[in-house]
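Summary of structural features
If you want the building blocks of each chain, they are given just below.
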Amino acid sequence: MYRYKCIVSYDGTKYMGFQIQDELPTIELKLKEAMYKMLKEDIKIYPSGRTDRYVHAKGQVFHFDIDKNIPVNGINAFLPNDIYIVDVTMVDEEFHARFSAKAKEYRYYINQGEYNPLLVNYAPNIKGLDINKMEEALKLLEGTHNFKGFASAQIDPRKDTVKTIFEIKLNVRGVFLEFVFIGSGFLKYQIRRMMGLIIEIGRGKESKTKITEVLDKCDPSISHKVAPGCGLYLYKVYYESM
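Residues numbered from 1 in each chain as written. Predicted model: local features only at pLDDT ≥ 70, side-chain atom pairs only at ≥ 80, totals over all residues. Heavy atoms only, no water.

Helix and strand counts for the chain stand at four helices and nine strands. The globule rule puts the C-alpha radius of gyration for 242 residues at 18 Å, and the 19 Å found for the chain is close to it. Its C-alpha atoms put the chain at 55 × 40 × 30 Å along the principal axes. Taken across its 242 residues, the chain has 48% of its residues classed as buried. The contacts in the chain between residues at least 6 apart in sequence include a share of 71% that link residues at least 24 apart. Approximately 12,400 Å² of the chain is accessible, and the part contributed by carbon and sulfur atoms is 49%. Within the chain, one finds 35 positive and 31 negative side-chain charges whose respective centroids are separated by 3 Å. (Helix = DSSP H or I, 4+ residues; strand = E, 2+ residues; numbered from the N terminus. Rg over C-alpha atoms; globule rule 2.2 N^0.38 Å. Buried < 20%, exposed > 50% of the residue type's maximum accessible area, 1.4 Å probe, protein only. Contact = heavy atoms within 4.5 Å. Areas by Shrake-Rupley, 256 points an atom, 1.4 Å probe, with all protein chains shown as cover. Lys, Arg positive; Asp, Glu negative; His and termini not counted. Charge placed at Lys NZ, Arg CZ, Asp CG, Glu CD.)

This is the structure we're talking about:
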């Protein structure tokens, strides 16, 4: 049996997320369809994690097993033009796209400039944000915390909600704000809920003390703002210790 590690980039605009959902358009469905056309087998995919509806990826990782050594770089020929396999490497059987991951990097983009219909699916247009207030608030999210208050209310109650965020950076890229989150892992909706509150703080509608309140109370209902999925990108999955 041969195991392949794949790095895939995709535009999530047309998709209902990564995970397969019957016949709904998802990234996983398109990957499986392409592999079937090329390999003539129904291949099971093991991703590093799932991305939500409209969320994009530069460096999503998945692995799959197949009983023969064949060139699989040709998968792109069977994929739509908004999904692209960046790299394929053969790995040993101990590698697992999800369980071998040491950290993940997500980035969130906001367009502070003039509304641009060509960019609206890739960065929400939000003006008048106080960068200093947002930077102060972001620092409160670094470190090891119980992030249940920033997670989806529908997550499995048995799931460990304690995560570590190693670093958060806010970079100004012209009219764009780039938020970089590097952590041990992230819960469903965690980054979008954190960004929803950070945006409200940047607008002056909330105080940074709200972050401490959400972390302390572990109640998702008080961090109800969820930032648009279109601004979020799974940028990189790390498999070496940080």
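Here we take up the pattern of salt bridges. By the definition in use, this model includes 15 salt bridges. Across the pair K32 and D42 runs a salt bridge, and its minimum N-O distance is 3.0 Å. On the criterion of sequence distance, the pair formed by K32 in helix α1 (residues 27–39) and D42 in the loop between α1 and β2 (46–47) is long-range, its members being 10 residues apart. Owing to a relative accessible area of 18%, K32 belongs among the buried residues under this scheme. Of the residues examined, D42 reaches a relative accessible area of 62% and is grouped as exposed. With its nearest N and O atoms 3.3 Å apart, the salt bridge here joins D52 to K188. Linking D52 in the loop between β2 and β3 (56–66) with K188 in the loop between β8 (176–183) and α3 (190–202), this pair joins segments that are 136 residues apart in sequence. The exposure class assigned to D52 is buried, which follows from its relative accessible area of 17%. (Salt bridge = Lys/Arg side-chain N within 4 Å of Asp/Glu carboxyl O.)

Before going further, it helps to spend a moment on the layout of surface pockets. Roughly 1,200 Å³ of volume is contained in the largest pocket. The wall of the largest pocket is formed by 41 residues, among which G49, R50, K159, F186 and K188 lie closest to the centre. For the lining of the largest pocket, the elements supplying multiple residues, two or more each, are β2, β5 (103–111) and α3. For the lining of the largest pocket, the per-class residue count stands at 17 nonpolar, 11 polar and 13 charged. (1 Å grid on protein atoms, 1.4 Å probe; cavity = no way out; pocket = protein on both sides within 12 Å on 5 of 7 lines; lining within 4 Å. Points joined across faces, edges and corners; volume = space filled by probe spheres on them. Nonpolar A, V, L, I, M, F, W, Y, C, P; charged D, E, K, R; others polar.)

The description of an aromatic ring pair uses the distance of the two centres, along with the angle that the planes make with each other. Enumeration over the complete set of coordinates arrives at six aromatic pairs. Across the ring face of Y46, the terminal group of K44 is positioned such that the distance to the ring centre comes to 5.2 Å. The positively charged end of K58 is found above the aromatic ring belonging to Y235, 5.0 Å away from the centroid. (Phe/Tyr/Trp six-rings, centres within 6.5 Å; stacked < 30°, edge-to-face > 60°. Lys NZ or Arg CZ within 6 Å of the ring centre and 35° of its normal.)

With that settled, consider the nonpolar core. The biggest cluster of nonpolar side chains holds 63 residues, and the ones touching the most others in it are L31, F64 and F179. With seven residues, α3 is the largest single contributor of residues to this core. In contact with F179, not counting residues within four places along its chain, are Y106, R107, Y108, I110, M134, L138, K169, L170, M195 and I198. (Core = buried A, V, L, I, M, F, W, Y, C linked by side-chain atoms within 4.5 Å.)

Given a rise of 1.5 Å per residue, 13 residues ought to cover 18 Å, and the 18 Å separating the end C-alpha atoms of α3 matches this to within 8%. Of all the 13 residues making up α3, 13 are buried; the element is thus mostly covered by neighbouring parts of the structure. Positive phi shows up at G204, right after α3, with a value of about 85 degrees. (Expected span 1.5 Å × (residues − 1).)

Just geometry here; none of it tells us what the structure is for.
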